[in-house]
Amino acid sequence: MDTEILIVEDEQKIARFVSLELEHEGYKTKCIADGREALDEALRKEYDLIILDVMLPSLNGIEVLRRLRQTKSTPVIILTARDQVMDKVSGLDLGANDYMTKPFAIEELLARIRVNLKKSLGGTKTSYTLGKLSVDIDARKVTYGDDLIDLTKKEFDLLVFLLENKNVVITREKALDAVWGFDFYGNTNVVDVYIRYLRAKIDNVYKIDLIETVRGSGYIIRQD
Ligand code: CA
């Protein structure tokens, strides 16, 4: 079955580039440059995922998303400019599943697409197993072999967020948004601090490299 992705972007070069890359990965794509047309198309047809730019002619991406969400839950990744923090906030508030800040690396977008398609197909997972480590989301229980690992709420949420995005580099900013929320105005260093707590309780105790640092970017949990 084809996976169809709607690309809503008025910058022809970006739309074309993203479309070519996605088609190369085996997705079917359609590009629309106008907000109002995009909304009609997204309401008319069942897409598996929508990539939605915010700055668009006739109807901006935030408004497209707001109207789409009145009836549909198609996964949406919004594209925002680096300086438009408000777009990101209102986009996620209105039900965007994810966001990318322009300019972005195509590999990052492809990884985000895979994560969001998997979530919408398989629903959210209730447990994760990595080697001897298992995480039961409903029971909020983490074990390594027979050992119960005692994590605080934030440590647990951060670990689950990393697991949900396995094989994707998580920036400090993304971790902060997901785990601490937008009402947190502190420094992104808090993420580093909590990664240290997690490593002290898991990596260091069991002599494993669960959480990898990606220099200059963030953190990643890898699993083949
Ligand atoms: Ca645009």
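For the structure, check the block above.
The structure contained in this document is the topic of the report that follows. (Residues numbered from 1 in each chain as written. Predicted model: local features only at pLDDT ≥ 70, side-chain atom pairs only at ≥ 80, totals over all residues. Heavy atoms only, no water.)

### Comments concerning the nonpolar core
With 31 residues, the main nonpolar core has Leu133, Val135, Leu158 and Leu159 as its most contacted residues. Elements represented by at least two residues in this core include exactly β6 (127-130), β7 (133-136), β8 (141-144), α6 (153-164), α7 (172-180) and α8 (189-201). In terms of residue count, α6 provides more of this core than any other element does, seven residues in total. Beyond its immediate stretch of four places on either side in the chain, leucine 159 contacts Val135, Val142, Leu151, Leu198, Ile202, Leu210 and Ile221. By size, the runner-up hydrophobic cluster in this structure holds 18 residues, among which are Leu6, Leu39, Tyr47 and Tyr99. (Core = buried A, V, L, I, M, F, W, Y, C linked by side-chain atoms within 4.5 Å. Buried < 20%, exposed > 50% of the residue type's maximum accessible area, 1.4 Å probe, protein only. Helix = DSSP H or I, 4+ residues; strand = E, 2+ residues; numbered from the N terminus. Contact = heavy atoms within 4.5 Å.)

### Some details on the packing of aromatic side chains
Taken as a whole and assessed by the stated rule, the structure comprises three aromatic pairs. Plain terms: the ring middles of tyrosine 144 and tyrosine 206 are 4.0 Å apart, the flat faces sit at 20° to each other, and that makes the pair stacked. Of this pair, tyrosine 144 sits in strand β8 while tyrosine 206 sits in helix α9 (residues 203-206), placing them 62 residues apart in sequence. One exposure class covers both tyrosine 144 and tyrosine 206, and it is buried. (Phe/Tyr/Trp six-rings, centres within 6.5 Å; stacked < 30°, edge-to-face > 60°.)

### Comments concerning the side chain of threonine 143
Inspection of the secondary structure puts threonine 143 in strand β8. Contact partners of threonine 143, with chain neighbours within four places excluded, come to Lys132, Leu133, Ser134, Leu148 and Ile149.

### As for the sheet that holds strand β10 (residues 170-171)
If you trace the three strands from one edge of the open sheet to the other, you get β10-β12-β11, paired in antiparallel fashion. Sheet topology places β10 and β11 (212-214) at the edges, where each strand pairs with a single neighbour. (Pairing = 2+ DSSP bridges.)

### Focus on helix α4 (residues 85-93)
Of the residues making up α4, those classed as buried are Asp87, Lys88, Val89 and Gly91. Lining the buried residues of α4 we find α3 (61-68), β4 (76-81), β5 (98-102) and α7.

### As for empty space enclosed by the protein
Under the criterion given, the structure shown has one cavity of 30 Å³ or more. Computed from the structure, the largest cavity encloses a volume of approximately 30 Å³. What lines the largest cavity is simply Leu6, Val8, Ala38, Leu39, Ala42, Ile50, Leu52, Val64 and Leu68. Secondary structure elements with two or more residues in the lining of the largest cavity: β1 (4-8), α2 (35-44), β3 (49-53) and α3. In terms of residue count, α2 provides more of the lining of the largest cavity than any other element does, three residues in total. A class-by-class count of the residues in the lining of the largest cavity yields nine nonpolar, no polar and no charged. (1 Å grid on protein atoms, 1.4 Å probe; cavity = no way out; pocket = protein on both sides within 12 Å on 5 of 7 lines; lining within 4 Å. Points joined across faces, edges and corners; volume = space filled by probe spheres on them. Nonpolar A, V, L, I, M, F, W, Y, C, P; charged D, E, K, R; others polar.)

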